[in-house]
Amino acid sequence: MASVVTTPEPRLRTPTQSPPLADGHGTGNGGARARDGDGGGPHGSNSAAAVERYKLGVKVGSGGIVMVFAAFTSALVVRSGLGGDWKAFDLPAVLWLSTAVLLLSSISIEKAKRAMRDGLEVGLQRWLNVTAILGAVFLVTQLVGWQQLTDRGIYVATNPSSSFFYVLTAGHGLHLFGGLLALTYVVFRVWRATPWPTKEAAIEGAALYWHFMDGLWVYLFVLLLVWR
Amino acid sequence: MTEVAEHVEVHRHPLPTSFITKYIFSVDHKVIGIQYMLLALVAAFVGMGLSLLVRIRLVWPAEPFGLLETLFPVGAPDGVMTPEFYLAMLTMHGTIMVFMVLTTAPQGGFGNYILPIQVGAADMAFPTLNMLSFWTTFLSFMALMAAFFVQGGAPISGWTAYPPLSALNEATIGGYGQDLWILSIALFCIGSLLGALNFIVTTLHLRTKGLTMMRLPLTVWTWFVTAILGLLAFGVLLSAGALLLMDRMAGTSFFIPGGLVVNDVIIDHTGGSPILWQHLFWFFGHPEVYIAILPGMGVTSHILSTFSRKPVFGYKAMVYAILAIGGLGFVVWGHHMFVSGMSPYSAFVFSILTMVIGVPSAIKTFNWIGTLWGGRIRFASPMLYSIGFVSLFVTGGISGIFLGQPTIDLFFHDTYFVVAHFHLIMGVAAIFGMFSGMTFWFPKMFGRLMNEGLNKVHFWITFAGVYAIFGPMHYLGIIAHPRRYAETTSVDYLAAAGANELHYFITIAAMVTIAAQFLFLFNFVWSLLKGKVTTDPNPWEATTLEWVTSTPPAHDNFEGKIPIVNHGPYEFSVPGNERDFVMQCNAPDAAPAQDH
């Protein structure tokens, strides 16, 4: 019985994860996804329910993160019009590179999902690795961007415009770092190739979060370019 | 009789075997719920102690107390509290009560424990995340407590932390109190966001077969909407807190205006806006009010129905009212800022929207009375607390109508009228919700009965006590008595209007009411250890799913036999039925069950 195999597994600890045993929900009450209208009922397999649950979790969590950056955005818009001390500066050129890297990583994680759906373990492994590496490269390029700014003498407290630049990039970087941790964890689990009932759910959830991080960065980049 | 979905052989997570996994780092929502409640209980008594200090300072501003000198050699040299110490106590009282009590217990405590059972789930959607939520909140509480003990002491900028006072060390005694405060709030935001995520996914995804949204108990509805509010509000506070911390530590000027000279020190910040902080803070702050009160509304609806043996009057209207209150809660933050110099047109819009909240609130009150009307009322203690909730909600709500109008608020702003208003509606009403929840679910949670007589004594003293405390404060507000001042006894116009005598009366009433809370604490602890043991799964003859399972519930809530729901949540006094209630999981009637 599958549950016997999964029980002794160490508990998962990344934010997009929950104990593998939580996966039992699907079997628990025959697809617990009660819906208005039909009032639930058995539909969908165990794993499909887990995928849906993880994806919903990421979507809801993204809603919270959107509010964090909505608040930063409104603060930026308001502050830029106050005090008369706002000075625009040219963004470090390396941000174009980091943006390209992050966009590529969204493609690679889609490739990983395709490979998983086709049952290609090696392909899945490879594309997850690529995504994780691209994510790390993105963070490094962001740090290089900070370096370029400080070389020009633009620090956090130099001007409200630079304050917001550092706040927004750091805020996004922290969230992306969380995604990177989740991704590293998934890579590690896939690499160990142990039986893992929530693998699909974890990968789908991580991919959704990754795309969200990508979209969020593009938004922030455009905001920083346009609102100067 | 009880139909069961399927026998489950897979536990959600294994039965914990060690003390640490069972009671400390538990992933079981029931244990986590109780952990939240205990945190709130400790915080409530700390917060109450602080309010006592505040009351003492107000009435005896010059009287030396030897005990105070011993306890607070810095804050109360010679036994008299300094004004800064008074402000620090005020700030910590507000912060502890709003965040660590009103936000944790109703949602993190009762919601965590009851919601998964009421929706027929074995646990939250993400149990490990749930554990992380609690421990993040616990860390946040520790950080806040640490603020008492650092050099410079606790922050003095109020629970709203308005800059520049909160942003400039030059304006305060200095030290790390305010930094710890911001750190604590940031951690609290993270814990609450993770919790909210879990609540939302659990409600949407883990409902048992047959449990449609319109069959959810109103308690679940309020926890669900509260979670949505938390998800959308706490992120904003987190951002604001990050910016404030940077103003303090990184030399930025988000909120600090230029040209300030504070305590003979020239401040070299420029161009920031304290009003910006107010907007961000109150965008969180107003939904926060509903985060505190909505679960109390849910439990009140639940209990009024159960103890009048009648269905909730207008279930659908109640649901829509909850949604309306939640939605409107996001567009009225400006009514906290009428005196900030905002455009009168903005104030007008905020005012109109604020008045509109009166409509769903009135619907709820009307329906509560409609539920009671003609019922066979059982005056058990949960019912008393719930009726107390309705009373306090009405009293506190009516003063809100006054404050929501800019012209009247210009006068009332920062007076004791405001103190009376928000304490009654957000503080005491929400706490009465907690009392009714605790007395109602105590047998289920701990398998023992609370002492009913002690509860009733506690109810009457507290109910009369809070009116004695906050009732006179309306009058103080009307005579233009400003809040937050450490010393007003020698102000002529206040003394002439009788403020000193009233303050004395209020302080005595507060002492009596605080003493009565030890009665509840005693009853809680005593019942936990020595209360009458009960294994009755349904002592109140209630209808929802938590009363189907054993008392106290098993590790996975339903011992693998998750019930199927065939009925609405409040089918009391159903004609032709042998008992006067139909449980949600009872077999469907011959005639199709009436959906609410």
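Residues numbered from 1 in each chain as written. Chains lettered and ligands numbered in written order. Predicted model: local features only at pLDDT ≥ 70, side-chain atom pairs only at ≥ 80, totals over all residues. Heavy atoms only, no water.

Our focus in this paragraph is the overall build of chain A. The helix and strand tally for chain A stands at 7 helices and 0 strands. Seen in sequence order, chain A has helices and strands lined up from the N terminus as α-α-α-α-α-α-α. Buried positions account for 56% of the 228 residues belonging to chain A. Partitioning the intrachain contacts of chain A with sequence separation of at least 6 by distance along the chain shows that 76% fall at a separation of at least 24. (Helix = DSSP H or I, 4+ residues; strand = E, 2+ residues; numbered from the N terminus. Buried < 20%, exposed > 50% of the residue type's maximum accessible area, 1.4 Å probe, protein only. Contact = heavy atoms within 4.5 Å.)

Helix and strand counts for chain B come out as 16 helices and 6 strands. By the compact-globule yardstick of 25 Å for 596 residues, chain B fits well, its C-alpha radius of gyration being 24 Å. In terms of overall dimensions, chain B has a C-alpha envelope of 80 × 55 × 50 Å along the principal axes. Taken across its 596 residues, chain B has 62% of its residues classed as buried. Put simply, of all contacts in chain B between residues at least 6 apart along the chain, 79% involve residues at least 24 apart. Split by element, the accessible area of chain B, about 21000 Å² in all, is 71% carbon and sulfur. The centroid of the 24 positive side-chain charges in chain B is displaced by 13 Å from the centroid of its 31 negative side-chain charges. (Rg over C-alpha atoms; globule rule 2.2 N^0.38 Å. Areas by Shrake-Rupley, 256 points an atom, 1.4 Å probe, with all protein chains shown as cover. Lys, Arg positive; Asp, Glu negative; His and termini not counted. Charge placed at Lys NZ, Arg CZ, Asp CG, Glu CD.)

Residue and element names in this part refer to chain B. Along its 35 residues, helix H8 (residues 274–308) runs 50 Å from first to last C-alpha, staying within 8% of the 51 Å computed at 1.5 Å per residue. The sharpest bend along H8 reaches about 30° and sits at Ile293, with the proline Pro295 one to four residues further on. After H8 finishes, the residue Arg309 shows a positive phi value of roughly 50°. (Expected span 1.5 Å × (residues − 1). Bend = angle between axes of the 7 residues up to and from the residue.)

Take the confidence of the model for chain A next. Residues and elements named next belong to chain A. Chain-level statistics for chain A give a pLDDT mean of 82 and a share of 78% at 70 or above. Here helix H1 (residues 2–6) stands out as the element of chain A with the lowest mean pLDDT, 35, in contrast to helix H4 (residues 94–117), whose mean of 96 is the highest. Below pLDDT 50 for its whole length, residues 1–44 participates in 119 contacts with residues either more than four positions away or in separate chains. (pLDDT = per-residue confidence, 0-100.)

A separate point is the packing of aromatic side chains. All names here are of chain B. This structure, assessed with the given rule, holds 67 aromatic pairs over all chains. Residues Phe255 and Trp277 carry aromatic rings whose centres are separated by 5.5 Å and whose planes lie at 80° to one another, so their mutual orientation is edge-to-face. With Phe255 in the loop between helix H7 (218–249) and strand E2 (261–262) and Trp277 in helix H8, this residue pair connects regions lying 22 residues apart in the sequence. For the pair Phe255 and Trp277, one class covers both residues: buried. Measuring from ring centre to ring centre gives 5.3 Å for Phe283 and Trp333, while their planes differ by 70°; the resulting arrangement is edge-to-face. (Phe/Tyr/Trp six-rings, centres within 6.5 Å; stacked < 30°, edge-to-face > 60°.)

Turning next to the confidence of the model for chain B. All names here are of chain B. Confidence along chain B averages 94 in pLDDT terms, with 97% of residues attaining 70 or more. Note on residues 6–11: pLDDT is under 50 here. Beyond four places in sequence and across chains, it has 17 contacts. Overall fold confidence for the complex sits at a pTM of 0.92, while the interface term, ipTM, reaches 0.93.

Once that is clear, we can look at the pattern of salt bridges. One pass over the structure, following the stated rule, counts 15 salt bridges over all chains. The residue Arg484 of chain B makes a salt bridge to Asp414 of chain B at a minimum N-O spacing of 2.9 Å. With Arg484 of chain B in the loop between helix H14 (452–478) and helix H15 (492–496) and Asp414 of chain B in the loop between helix H12 (406–412) and helix H13 (416–446), this residue pair connects regions lying 70 residues apart in the sequence. Via salt bridges that share partners, Lys55, Glu110, Lys113, Arg117 and Glu204 of chain A belong to a single interconnected network. (Salt bridge = Lys/Arg side-chain N within 4 Å of Asp/Glu carboxyl O.)

Residue and element names in this part refer to chain A. Position of Ser162 among the secondary structure elements: in helix H6 (residues 160–192). Classification of Ser162 as buried rests on a relative accessible area of 0%. Setting aside anything within four residues of it in sequence, one finds Ser162 in contact with Phe89, Ile154, Tyr155 and Val156.

Attention now moves to the environment of Ala71 of chain A. With respect to the helices and strands, the residue Ala71 of chain A is situated in helix H3 (residues 46–80). For Ala71 of chain A, a relative accessible area of 5% gives the class buried. Separated by 140 residues in the primary sequence, Ala71 of chain A and His211 of chain A have C-alpha atoms spaced 21 Å apart. Those residues in contact with Ala71 of chain A that sit more than four places away from it in its chain are Val236, Ser239 and Leu280 of chain B.

Right, let's get into the side chain of Thr202 of chain B. Residue and element names in this part refer to chain B. Note that Thr202 resides in helix H6 (residues 177–205). Among the polar contacts listed, one links the side chain of Thr202 to the backbone nitrogen of Ala125, at a separation of 3.0 Å. Setting aside residues no more than four positions away along its own chain, Thr202 makes contact with Leu115, Val119, Asp123, Met124, Ala125 and Arg207. (Polar contact = N/O pair within 3.5 Å; in protein donor to acceptor, adjacent residues only side chain to side chain.)

Time to look at the packing of helix H2 (residues 29–59) of chain B against helix H16 (residues 499–530) of chain B. All names here are of chain B. Put simply, H2 and H16 touch, their axes get as near as 10 Å, and they point 160° apart. Comparing the axis directions of H2 and H16 gives the class roughly antiparallel. The chirality of how H2 crosses H16 is left-handed. Contact residues: H2 offers Leu38, Leu41, Phe45, Met48, Ser51, Leu52, Arg55, Ile56, Leu58 and Val59, while H16 offers His503, Tyr504, Ile506, Thr507, Ala510, Met511, Ile514, Gln517, Phe518, Leu521 and Phe524. For the contact of H2 with H16, the residue count by class is 16 nonpolar, 4 polar and 1 charged. (Axes fitted to C-alpha atoms, helices over the stretch in contact; angles between N-to-C directions. Parallel < 35°, antiparallel > 145°, perpendicular 65-115°, else oblique. Left-handed = near helix turned anticlockwise from the far one by under 90°. Nonpolar A, V, L, I, M, F, W, Y, C, P; charged D, E, K, R; others polar.)

Residues and elements named next belong to chain B. It is at 9 Å that the axes of H8 and helix H10 (residues 344–372) come closest, and there the two elements cross at 20°. Considered as vectors, H8 and H10 are oriented roughly parallel to each other. Both H8 and H10 take part in a crossing whose hand is left-handed. Contacts between H8 and H10 pair Tyr290, Met297, Thr300, Ser301, Leu304, Ser305 and Ser308 from the former with Ile357, Lys364, Trp368, Thr371 and Leu372 from the latter. Looking at the contact of H8 with H10 residue by residue, the class counts come to 6 nonpolar, 5 polar and 1 charged.

All names here are of chain B. Across the junction of Pro163 and Pro164, the peptide omega takes the value 5°, indicating a cis bond. Tracing the chain through its elements places Pro164 in the loop between helix H5 (127–146) and H6. Pro552 follows Thr551 through a cis peptide bond whose omega is -15°. Within the secondary structure, Pro552 is located in the loop between H16 and strand E4 (561–563). Positioned with a positive phi, Arg484 is a non-glycine residue whose angle comes to about 75°.

Further remarks concern the environment of Ala242 of chain B. Among the structural elements, Ala242 of chain B can be located in helix H7. Along the backbone, Ala242 of chain B and Ile185 of chain B are 57 residues apart, and their C-alpha atoms lie at a distance of 9.9 Å.

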